[in-house]
Amino acid sequence: MDNNLCLDVTDLPRELIFLLEVLKSDNGIIHLDGENAVTEINWNLFLELAMHHRIYPLIYPKLKMVDKKRIPENVINFLGQQYKQNTFHMLQLSAEMGKISQLFSDNKVRLLNLKGPVLATDLYGDLSLRTCGDLDVLVPIHDLEKVDQLLLNQGYIKDDYIQTILGDWKWRHHHVTYFHSTKQIKIEIHWRLNPGPGKEPCFDELWERKRVSSLTNYPVYYLGREDLFLFLVSHGARHGWSRLRWLTDINEILKQEMDWAELIKILKKYQYLQIGGQALILASQLLNSKLPEDSRPLVLKNTPKKLAQEAIFYFNRMVNLHSFPIPVDVAVYHKHHLFSLMSSKQKVFFILSFLYPYPEDAEILPLPKQVHFLYFPLRPFLWIWKKLKKQVLRGRIS
C-alpha cells in the first residue's frame, strides 16, 4: 500500500473492515486488529454488507477456509446458498447472452457485451465469482428500432420510461430496459457507455478494439481491455463506488496486461483521467491492489486522491442509489460529488446542457410539436417559473 495515497477510513464500520480483510485474504488468513475482533462482529450487519456490495460469491470460498470456530455456521450456510443461486443465475444469463448475440448477428446488428457473465470470466476466471443482475449490451444508435422489434419478437417487454423532447434522449440517457417475464431476465440496451453530456468513444471505435469470448457456443464480443477499464471506472465513479463489486473489478483488471500509455491517452481524450486515478487509489487503499508503475501518472495529482476520499462517504453510509427515495442528505452529497468528478471542460458542457429544453418544459407550457424549437429561447423563463412554483409549494407545506 502506498502511504502517499492513504485515505481516512477511521469511520468505516468494523464489519466493513472485516469484509475488506476477507477480500484481501488468501489461504484462510484474515488480519484484523485485536484478539476478540471477529467475536465482536455483528454478523447480521456483515451479511447485509456482503449482499449490499454484491461480493458474497468472492468471500464465500475464502470464509470456508477459515477456522470454523471463528465464523458462525449459519453465516457460511447463508453465503453458500446465495453462492449457488448466483451460479445458476449466471449460467442462465450466459445461455441468454449467447442466444441474443446470435440473434443480433443473424440480423446484422453489431453487439458489444459490457458486463454480465463475459465480465465474470474475463476478470475472475470463473462464472460463479461475480454477481450480475442483468445483461448490459451496447449497440449502434441507428439500430435501436431494429433491436426493439427483435426483442419484442422474443417476448421481451420494453420499460418505456424515457420522456424526451427535441431528441434529448440521445445524449441525456444512455440505455433502455427490456424484461422477459417468463425467463425473469432483464436486458439493458445501451447506445452510450454513460449518460451525457460528454465525449466518449463512438461505437465503431469500440468495435475495432473488441475482443471475443468463448464462454458460449456462439462468439460473444466485448470491450477491449483499455476500453473496459474506461467503462468500469466511469460507471463506478458515477455511482460513487457505492458497491465494492465495482472496485473488485478494478482490482482484477489491474492484474491483467494493459497498455497503460494507450489507456492514459484514451482517458485524457475523453476527460476521464481524474476518475481513473480515483479508482486506482480506492483499489490500492481498500483492497491492497498493486498499481503498475506505468499507471502512476494517474495518481500523482491531488484531485484523484480528493475524489477517492469523497467516495468513502458512500461506504460509511452503505448508500444504495437504486433504492428510492434516496435520503435528502445523500442526494445532495451525490449531486455535488458528481459535479466534482467532472473535468473543467465537462463542467462547462454540463452547465450549458441546462439551456437545452427538458420534457418538463412541455408540461409547464404545452406547445404544438412543430414549434418545439421555441422552448430554447423560453428555457430560462420556464426554469425560473419552475423554481418559483417549488418555493411556493414548500411554503404551503411548512
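Here, the structure is the one placed above.
Cut-off values and rules
Residues numbered from 1 in each chain as written. Predicted model: local features only at pLDDT ≥ 70, side-chain atom pairs only at ≥ 80, totals over all residues. Heavy atoms only, no water. Helix = DSSP H or I, 4+ residues; strand = E, 2+ residues; numbered from the N terminus. Contact = heavy atoms within 4.5 Å. Polar contact = N/O pair within 3.5 Å; in protein donor to acceptor, adjacent residues only side chain to side chain. Phe/Tyr/Trp six-rings, centres within 6.5 Å; stacked < 30°, edge-to-face > 60°. Buried < 20%, exposed > 50% of the residue type's maximum accessible area, 1.4 Å probe, protein only. Pairing = 2+ DSSP bridges. Axes fitted to C-alpha atoms, helices over the stretch in contact; angles between N-to-C directions. Parallel < 35°, antiparallel > 145°, perpendicular 65-115°, else oblique. Left-handed = near helix turned anticlockwise from the far one by under 90°.

Caption draft 1: Examining the environment of Arg-192 more closely. Turning to its location among the elements, Arg-192 is positioned in the loop between β5 (185–190) and α8 (203–208). As a C-alpha pair, Arg-192 and Arg-172 span 20 residues in sequence and 9.9 Å in three-dimensional space. Those residues in contact with Arg-192 that lie beyond four places of it in its chain are Leu-138, Lys-170, Trp-171, His-173, His-174, Gly-198 and Glu-200. At 3.0 Å, the side chain of Arg-192 forms a polar contact with the backbone oxygen of Gly-198.

Caption draft 2: Representation of the packing of aromatic side chains. Counted under the stated rule, the structure contains 15 aromatic pairs. Considering the side-chain rings of Trp-43 and Phe-46, the 5.3 Å spacing of their centres and the 80° angle between planes classify their relative orientation as edge-to-face. Placement of both Trp-43 and Phe-46 in helix α2 (residues 43–52) is noted, with a separation of three residues, approximately one turn of the helix. Owing to a relative accessible area of 0%, Phe-46 belongs among the buried residues under this scheme. Both rings, one in Tyr-314 and one in Tyr-333, keep their centres 5.8 Å apart while their planes meet at 70°; by these two values the pair is edge-to-face.

Caption draft 3: Structural context of the pairing of strand β2 (residues 135–138). On β2, burial covers both faces: Leu-135 and Val-137 on one face and Asp-136 and Leu-138 on the other are all buried. Here strand β1 (residues 112–113) runs beside β2; their pairing, made up of two bridges, is antiparallel. Within β2, the position partnered with Asn-113 by the bridge is Val-137. Across four bridges, the pairing between β2 and β5 is parallel. Pairing of Asp-136 across the sheet is with Glu-188, part of β5.

Caption draft 4: Summary view of the packing of helix α1 (residues 14–24) against α2. Two elements in contact, α1 and α2, have axes separated by 9 Å at closest approach and are oriented at 60°. The angle between the axes of α1 and α2 places the two elements in the oblique class. Here α1 runs over α2; the crossing is right-handed. In this structure, α1 uses Glu-15, Leu-16, Phe-18 and Leu-19 to contact α2, whose residues at the interface are Trp-43, Leu-45, Phe-46, Leu-49 and Ala-50.

Caption draft 5: Looking closely at the environment of Lys-301. Assignment of secondary structure puts Lys-301 in the loop between α12 (273–287) and α13 (302–317). Classification of Lys-301 as exposed rests on a relative accessible area of 66%.

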